[in-house]
Amino acid sequence: MIKSKIAGIGYNVPKNIVSNFDLEKMMDTSDEWIQTRTGIRERRWVEDGMANSDLALPACQQAIRMAGIQVKDIDAIIVGTVTSDYNFPGMAPIIQQKLGITSNIRAFDISAACSAFIYLLEIGDQFIQTSKYKNILLVGSDVMSCTLDKTPNGRATGVLFGDGAGAVILSPATDDSCILSTHTFADGSGVENLHGKAPGSKFYPNRINKEIIEQGHHFITQNGREVFKNAVTRMPEAVKLAMEENNLAIEDIKLVIAHQANARILEACATKMQLPEEKMYMNIHKYGNTTAGTIPIAMCEAIQEGRFQKGDIILLTAFGAGYTWASAAIRW
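For clarity, every value in this text was computed on a predicted model and none was experimentally measured. (Residues numbered from 1 in each chain as written. Predicted model: local features only at pLDDT ≥ 70, side-chain atom pairs only at ≥ 80, totals over all residues. Heavy atoms only, no water.)

Student: Describe helix 1 (residues 20-27), listing the residues and the values that go with them.
Tutor: Within helix 1, burial applies to Asn 20, Leu 23 and Met 27. Around the axis of helix 1, the buried residues are gathered within 50° of arc, so they sit on the same side. Near the N-terminus of helix 1, the side chain that reaches the backbone nitrogen of Phe 21, with its oxygen 3.2 Å away, is that of Ser 19. Positive phi appears at Asp 28, one or two residues downstream of helix 1, with a value of about 55°. (Buried < 20%, exposed > 50% of the residue type's maximum accessible area, 1.4 Å probe, protein only. Helix = DSSP H or I, 4+ residues; strand = E, 2+ residues; numbered from the N terminus. Arc of directions from axis to C-beta. Polar contact = N/O pair within 3.5 Å; in protein donor to acceptor, adjacent residues only side chain to side chain.)

Here it is as structure tokens:
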């Protein structure tokens, strides 16, 4: 059976660093409060006028270069995001244009929030396994700063999120390096605990108007306690399933790269998984929660730091709005 592998990977974050001290001035919060509850010290927010596709483009170009292919070799582009440039169309055709791809390839978006990158891997893996496509560009990218209430009213959620993009080229495996398995799940009963409602058909006929904005429906809304409780249950469950399917023990795992939502969530997950602290990767202190971008960004930095190398087995896991959650086992 044909297997797929990550042939190239790249990431990009804005140059604009927003520290906790910057947020103190706008959200009536404190560096101590944020670090104690989230582990976040700073995050990156785009400057005015930068669209999500602008943020994602350098990550795509890095992944393409690492894979050793040309843009003309890409068969499909799939983007995971909740902050596309426009309400519609999706961002994938925009990236196609910005990359200079003139052939009529497949290009579409998915919306799986913080779990999007692993959902992308599962979709791309299936396309490679069936020989439908050969080189697939997968992009997880979000500009979450445009969804935040940056006043004291939004401080509980507004301190959590940053902007960032990651991309990979998925291609047929030529050696033992491959995606071993992916596992994706959803439970719609948790929708009201984490969402951004507007603009949406729920508000027919206008989708967005002055009243909707005054009520803050265009901002992220989160029930932090419920999200925390579900995240620290679902991510370890998903990791356990990936390990069982591939007959893996903790000793076989080089590194777990989880969605970077909250340091306390990551610590609780590591405890539940009986995972040594050094095997749970964290970079949330630098970037906050970049939603679809967290896992590929973390993978890139972990590679740069020498935390895993060719032949090592890594596990990915995520939890996000929907609820959605997922895991993946990869032999690098």
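Student: Tell me what's going on with the sheet that holds strand 8 (residues 178-186), and back it up with residues and numbers.
Tutor: Reading across from one edge, 8-13-12-11 is the order of the four strands in this open sheet, with mixed pairing throughout. Since the sheet does not close on itself, it has two edges, and those belong to strand 8 and strand 11 (255-258), each with one partner. On average, each strand axis in the sheet is tilted by 15° relative to the strand beside it, whichever way the strands run. Inspection of the sheet shows strand 11 paired to strand 12 (residues 313-320) by four bridges, in the parallel sense. Bridge pairing in strand 12 places Ala 258 opposite Thr 317. In the packing of helix 11 (residues 294-304) onto the sheet, contacts are made with strand 11 and strand 12, and the angle to strand 11 comes to roughly 145°. (Pairing = 2+ DSSP bridges. Axes fitted to C-alpha atoms, helices over the stretch in contact; angles between N-to-C directions. Contact = heavy atoms within 4.5 Å.)

Student: Can you tell me about the pattern of salt bridges, naming the residues and giving the values?
Tutor: Counted under the stated rule, the structure contains nine salt bridges. The shortest N-O distance in the salt bridge between Glu 192 and Lys 197 comes to 3.6 Å. (Salt bridge = Lys/Arg side-chain N within 4 Å of Asp/Glu carboxyl O.)

Student: Quick rundown of unusual backbone geometry? Include the residues and the values.
Tutor: Excluding glycine, a negative phi dihedral is what most residues carry, and trans is how most peptide bonds are arranged. Cis geometry marks the peptide bond from Phe 88 to Pro 89; its omega dihedral reads 5°. Considering the arrangement of structural elements, one finds Pro 89 in the loop between strand 4 (76-80) and helix 4 (92-99). Here the bond from Ala 198 into Pro 199 is cis, since omega is 0°, no more than 30 degrees from zero. When you line up the elements, Pro 199 lands in the loop between strand 9 (194-195) and helix 7 (210-214). Not every positive phi belongs to a glycine, and Asp 28 is a case in point at roughly 55°. Note that Asp 28 resides in the loop between helix 1 and helix 2 (31-38). The exposure class assigned to Asp 28 is exposed, which follows from its relative accessible area of 52%. Here the phi dihedral of Thr 291 falls at roughly 60°; this positive angle occurs in a residue that is not glycine. Locating Thr 291 in the fold gives a position in the loop between helix 10 (284-287) and helix 11.

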